[in-house]
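Structural characterization, general
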Amino acid sequence: MALLEVADIHVFYDKIEALKGISLAVEEREIVTLVGGNGAGKSTTLRAISGLLHPRQGSIRFAGRSLAGLGAHEIAAGGVVHIPEGRRIFGRLTVNENLELGAFTRRDRRDVATDKEQMLVLFPRLRERLKQLAGTLSGGEQQMLAAARALMARPRVLLMDEPSMGLAPMLVEQVFETIGRINQQGVTILLVEQNAPMALGIANRGYVLESGRIVLDGPGRDLLDDERVRRAYLG
Amino acid sequence: MMRRAALIGLAFGAGAVHLAAVGVLLAMHQRWIIVEALTLGQAALLLLAGGAGAMTRGPVMGALAGAAAGVPVVALLAAMSLVPLNSIFIALSHDLFNMLTLGVGLAAGVAILIGGGAIAGLVGVLLSNSSQMVRRAIFPGAISVVVAGVFQELIQLMLQQYEGPVGDFRDFIYTWEGLSLQGAIAIFVLAALLSEVFGFIWRMRAERTASHDHRRERMVRAGIALLILVLLPMLGGSYVGQVLMLVGLYILMGMGLNLEVGLAGLLDLGFVAFFAVGAYSTALLTAGSAHALMHLPYWAAMPVSVLLAVAVGVLFGLPVLGVRGDYLAVATMGLGEIVRVIVQSDFAAPLLGGAQGILEIPKPSIGNFVLGNPVSLFYLTLVASAVAAFVAWRLENSRLGRAWEALRDDEDVAQALGINLVRAKLLAYGLGAAFAGLAGSIFATMLTSVYPSSFQLLISINVLALIIVGGMGSLPGVVLGSIVLIGLPELLREFGEYRYLFYGAVLIVMMRLRPEGLWPSDVRQRELHAEDETLALDAGTDAVPAQPR
Ligand SMILES: Nc1ncnc2c1ncn2[C@@H]1O[C@H](COP(=O)(O)OP(=O)(O)O)[C@@H](O)[C@H]1O
Ligand SMILES: [Mg+2]
């Protein structure tokens, strides 16, 4: 049984059906990516999994338990941590306070301290800016902070929404490298990307979304070579 | 450059014309700062011209801006002498004309206005570029003179009882009419000297203790302010006590709203509802009148009132849980009004007394000592404020405080990190309401009666304005904001009708010059001044700078 199982979910914004029956599975320690054009429903899928939206139909199971009826904060406390689209750090708090908030649900203060130390090793840039307001960080640094903050929660599954958005090409590569390293530490990753080539390159498996439906799925490499994917997303 | 200076001057001059047209200038002219030498109205004009000068660079530009500030006023004078404007603007009277021309006629008056404006502008620009040393002397000196002059009646009343050296000093600086010229000079010199001496000691100490400890410095300043607050009503008598008590009640409410708006980012214009609940609960639990449900002693009714306010706060939060931003302001305003309308309504009148209110609320007593007069009630307010401040301070630095700050910045992310949005928001409303409930409870026993008309929307707006002026999210800011926006207007009763003009002016000036507030919290200060420091750092780090969200 997969760690995260999404079965035929339908999600609405009022009357607009944004997801028209999405099913996907993420195995423990995998990197799975969702690719697709603008408005395909990638972000909506992640928001449904993390509990920010509630599917009208279908089920989501994490580690064998149904997530139906749980609040977003409960799902987060259970180990599914979402890094939403955009650089959504707490701009009016310091870098340090942002990191501390990542560990909001944890009670093991001593382990939190060691985890923070680890984050600062992983992202040395943040160490220099620990006391600085997060809103004053550069785009790349904010993205790093968002990732580090999410990792402070010791997630089992990380839902990442377009972490490379708006970053310079050199930084994009750095971001993907970081994703690989996070995964190697045992964190399962569901990655949403518009940058399909990079995402499919790093992922074990991928799903292609189009207007709220999954139109293709398979191992990352295969999708990368698939003629239809190449035509649609890779130009 | 010249164009800019002239425009700045004209804008400030237009401000002066506005003050004249609404009548506040003439009202201010009725009050001496220094008897037979300078009125408050004249000082306001000088301040405007000086302010125009201070916003320019270089002595020539400063003088130009100051002179330009005189131009609209001159135009007003010309218009007044040509057309009988006062049939439309009743404030544009003969008295005003005399005030602006110093009673020497139009031609000489114009020369005085332009020339005086130029000099004031010159002084303004010189002061704004002067050294710390000069400023440290001039500003406290000038402020002390204004305070001593404007509040002469009150201060004289306070000093009345003294003989000996204090009495001699009083007779030296004051005539029965107000501050004398020799008194003004004496006070200016004294304040300037004290400021220099203390400034010097302060810097010496700062140099000795290697790590310049900001926190401690602030604690000391707050301590001094507190000491003044404690002693003032004892010296000032019951009028001062009453004003300070009102300030204290607003401080309590300010601290509560600060939790909601400053920390949790939940704009609330219905805050007065919690104040009303506190007041009415106390009334219903203690009053001697027929409406009372019980006749508890005040000390038992107070905590119950606070708890009821908390309950109403939580209830209040429920319907607006999903409302964000601007809509929240409107929704909470509606909720606040609902509470007032219910209280006022006829169908609740059998229980709440309707428009007639509830009377005969007893004063609290300790043993046989009844807290009957404003001064003793002020001390009750002070103690309540101190306890509340401690609670607010602890809350700010708690896990809950962090959660509030997180949801203020980004609700979705806060949830995604495991923060229970519903609970955090309801706690913000409930705990914020507790402070207002406490204030309401004291308010009820202060007036010994409660009426629905005491719980207008205006109170919510006042509280919001005072935390903005004081500094969002800052406890000392709440105190300063209350003193400036509640205490000062209360002491300057004769300008009562211009109170909201004053509010507006203060808010606009603050937003332009000091958006972080009078005494900002550390974070706000960092936030608003961080950009200058970090832009430089950022430039090299990567190609895409962060977009402000
Ligand atoms: N808050 C919203 N309200 C209404 N419609 C929305 C909202 N967010 C997204 N949508 C719609 O849902 C669809 C899927 O959006 P989204 O999941 O954000 O796409 P993606 O992340 O793949 O670009 C789009 O058609 C979009 O217009
Ligand atoms: Mg998206």
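What you see is a predicted model, and the numbers here were worked out from it, not measured in a lab.

1. Focus on the overall build of chain B
Check the secondary structure of chain B and you find 23 helices and four strands. Radius of gyration (C-alpha) of chain B: 26 Å, near the 24 Å computed for a compact globule of 549 residues. Taking the principal axes of the C-alpha coordinates as reference, chain B spans close to 70 × 70 × 60 Å. Within chain B, the proportion of its 549 residues that are buried is 49%. Long-range pairs, those at least 24 residues apart, make up 73% of the contacts in chain B between residues at least 6 apart in sequence. Element-wise, carbon and sulfur atoms account for 70% of the exposed surface of chain B, whose accessible area totals about 26300 Å². When the 30 basic and 34 acidic side-chain charges of chain B are each reduced to a single mean position, those positions are 6 Å apart.

2. Focus on the pattern of salt bridges
On inspection of all chains with the given rule, the structure shows 25 salt bridges over all chains. One salt bridge connects E97 of chain A with R402 of chain B, and the closest N-O pair in it is separated by 3.0 Å. Remark: R402 of chain B occurs in helix α17 (residues 399-409) and E97 of chain A occurs in helix α3 (residues 95-102); the pair is interchain, linking two chains. Of the charged contacts, one joins R106 of chain A and D115 of chain A as a salt bridge, the two residues approaching to 2.8 Å between their closest N and O atoms. Across this residue pair, the class does not change: R106 of chain A and D115 of chain A are buried. Taken together, the salt bridges that share partners define one network made up of R47 and R88 of chain A together with R324, D410, E411, D412 and K425 of chain B.

3. Let's talk about a nonpolar patch on the surface
Residues and elements named next belong to chain B. Where nonpolar side chains cluster on the molecular surface, the patch consists of F169, F172, L190, L194, V197, F198, F200, I201 and M204 and spans about 850 Å² of accessible area. Taken together, the elements giving at least two residues each to the nonpolar patch come down to α9 (164-173) and α10 (181-208). Positionally, V197 belongs in helix α10.

4. Observations regarding the side chain of S482 of chain B
Inspection of the secondary structure assignment puts S482 of chain B in helix α21 (residues 475-491). Dropping the residues within four chain positions of it, S482 of chain B is found in contact with V247, Y250, I251, L466 and G487 of chain B.

5. With respect to the coordination of the magnesium ion (ligand 2)
All names here are of chain A. The protein atoms that coordinate the magnesium ion (ligand 2) are S43 (OG) and E85 (OE), at distances of 2.0 to 2.6 Å. In this pair, S43 sits in helix α1 (residues 42-49) while E85 sits in the loop between β6 (80-83) and α3, placing the two residues 42 residues apart along the sequence. Here S43 falls in the buried class, since its relative accessible area comes to 16%. For E85, a relative accessible area of 30% puts it in the partly exposed group.

6. Points about the sheet that holds strand β1 (residues 4-13) of chain A
Residue and element names in this part refer to chain A. On the basis of which strands lie adjacent, the open sheet formed by four strands has the order β2-β1-β4-β5 and antiparallel pairing. The open sheet terminates on both sides in strands that have one partner only, identified here as β2 (16-26) and β5 (65-66). Strands β1, β2 and β4 (57-62) of the sheet are contacted by α1, whose axis makes an angle of about 110° with β1.

7. A look at the environment of V192 of chain A
Residues and elements named next belong to chain A. With respect to the helices, strands and loops of the structure, V192 is situated in strand β8 (residues 188-193). With a relative accessible area of 0%, V192 lands in the buried category. Once residues lying within four places of it in the same chain are set aside, the contact partners of V192 are L34, K42, L46, M160, D161, E162 and P163.

8. Quick look at the pairing of strand β7 (residues 157-161) of chain A
All names here are of chain A. For β7, a buried count of five out of five residues is recorded, marking the element as mostly surrounded by other parts of the structure. The pairing of β6 with β7 spans four bridges and is classified as parallel. Paired with V81 across the strands is L158, a residue of β7. Note: β7 against β8, five bridges, orientation parallel. Bridge pairing in β8 places D161 opposite V192. In the classification by handedness, the crossover that spans β7, the intervening helix α7 (residues 169-184) and the parallel β8 is right-handed.

9. Some details on the nonpolar core
Counting 145 residues, the largest nonpolar core has L158 and I189 of chain A together with M253, F275 and W404 of chain B as its most contacted members. It is helix α11 (residues 214-263) of chain B that contributes the most residues to this core, 16 residues altogether. In this view, L158 of chain A contacts V81, I83, A150, L151, I182, V187, T188, I189 and L190 of chain A; residues no more than four positions away in its chain are not counted.

10. Section: the environment of A192 of chain B
Residues and elements named next belong to chain B. Of note, A192 is situated in helix α10. The spacing of A192 and V312 is 120 residues in sequence and 51 Å in space, taken between C-alpha atoms. Each residue touching A192, except ones within four places of it in the same chain, is listed here: A137 and G141.

11. What about the site of ligand 1?
Residue and element names in this part refer to chain A. With respect to spatial proximity, the complete set of residues near ligand 1 consists of Y13, A18, G37, N38, G39, A40, G41, K42, S43 and T44. Here G41 contributes a backbone N or O atom positioned 3.0 Å from an oxygen atom of ligand 1. Between ligand 1 and the protein, one listed contact pairs an oxygen atom with a side-chain N or O atom of S43 at 2.7 Å. Burial of ligand 1 by the surrounding chains reaches 60%, relative to a free accessible area of 560 Å². The element contributing the most residues to the shell around ligand 1 is α1, with three residues. The residue inventory of the shell around ligand 1, partitioned by class, reads three nonpolar, six polar and one charged.

12. Considerations on unusual backbone geometry
Residues apart from glycine generally show negative phi values, whereas peptide bonds are mostly found in trans. Of note, S211 of chain A is a non-glycine position whose phi angle comes to about 35°, a positive value. In this fold, S211 of chain A is placed in the loop between β9 (205-210) and β10 (213-219). At E36 of chain B, a residue that is not glycine, the phi angle is positive and equals roughly 60°. Mapped onto the fold, E36 of chain B is located in the loop between β1 (32-34) and β2 (38-39).

13. A look at the domain arrangement of chain B
Residue and element names in this part refer to chain B. Examined at the domain level, chain B breaks down into domain 1 (2-208) and domain 2 (235-493). Taking only C-alpha atoms into account, the centre of domain 1 sits 38 Å from that of domain 2. On the side of domain 2, seven residues touch domain 1, which itself brings seven residues to the contact. On the domain 1 side of the contact with domain 2, F151, L154 and M158 bury the most area, a combined 69% of that side's loss. If you look at where domain 1 meets domain 2, you find zero salt bridges.

14. So, the pairing of strand β3 (residues 31-36) of chain A
Within a regular strand, side chains alternate between the sheet's two faces. All names here are of chain A. Burial of β3 is extensive: six of the six residues sit out of reach of the surface. Here β3 shows no split at all, with I31, T33 and V35 on one side and V32, L34 and G36 on the other all buried. Here five bridges tie β3 to β8, and the two strands are oriented parallel to one another. Counterpart to L34 in the pairing with β8 is V192. Both β3 and β9 contribute to a ladder of five bridges, which runs parallel. Bridge pairing links V35 to V208 in β9.

Definitions and limits used
Every residue gets a number counted from 1 within its own chain, in the order that chain's sequence is written. The lettering of chains begins at A and the numbering of ligands begins at 1, in the order of writing. Local features in this predicted model are restricted to residues whose pLDDT is 70 or higher, and side-chain atom pairs enter the listing and the counts only when it is 80 or higher, whereas totals over whole chains, interfaces and linings include all residues. Excluding hydrogens and water, the side-chain values take into account all heavy atoms of the structure. Strands here are runs of E lasting at least two residues and helices are runs of H or I lasting at least four, both read from the DSSP assignment and numbered beginning at the N terminus. Atoms counted for the radius of gyration: C-alpha only. Globule rule: 2.2 Å times the number of residues to the power 0.38. Buried means the residue's accessible area, taken with a 1.4 Å probe over protein chains only, is under 20% of the maximum for its type, while exposed means over 50%, and partly exposed covers the values in between. Contacts between residues were defined by any pair of non-hydrogen atoms, one from each residue, lying within 4.5 Å. All accessibility values rest on the Shrake-Rupley procedure with a 1.4 Å probe; residue burial counts only the protein chains present in the view. Charge assignment: positive for Lys and Arg, negative for Asp and Glu; neither His nor the chain ends contribute. Here the site of a charge means atom NZ of a Lys, CZ of an Arg, CG of an Asp or CD of a Glu. Think of a salt bridge as a Lys or Arg side-chain nitrogen and an Asp or Glu carboxyl oxygen that are within 4 Å of each other. Distance thresholds for patches are 9 Å for like charges and 5 Å for nonpolar side chains (Val, Leu, Ile, Met, Phe, Trp, Tyr), applied to residues having over 30% relative accessible area and no salt bridge. For Na, K and Ca the donor cutoff is 3.2 Å, while for all other metals N, O and S atoms count as donors only within 2.8 Å; water does not appear among the atoms, so some sites may look incomplete. Paired strands, in this sense, are two strands between which DSSP finds at least two bridges. Axis definition: a line fitted to C-alpha atoms, limited for helices to the stretch in contact. Angles are taken between N-to-C directions and run from 0 to 180 degrees. We call a crossover right-handed when, viewed with both strands directed away from the observer, the connection leading from the first strand over the helix to the second proceeds clockwise. Nonpolar cores were defined as sets of buried Ala, Val, Leu, Ile, Met, Phe, Trp, Tyr and Cys residues, with membership established by side-chain atoms within 4.5 Å. In these notes, residues near a molecule or strand are those with any non-hydrogen atom within 4 Å of it. Think of a polar contact as two N or O atoms within 3.5 Å of one another; within protein, one of them needs to be a possible hydrogen donor and the other a possible acceptor, and neighboring residues in sequence only count if both atoms come from side chains. Here the term charged refers only to Asp, Glu, Lys and Arg, the term nonpolar to Ala, Val, Leu, Ile, Met, Phe, Trp, Tyr, Cys and Pro, and the term polar to all other amino acids, Gly among them. What marks off one domain from the next here is an automatic or database domain assignment. Buried area counts how much accessible surface, traced with a 1.4 Å probe, disappears from two parts once they are put together, with both parts' losses summed.

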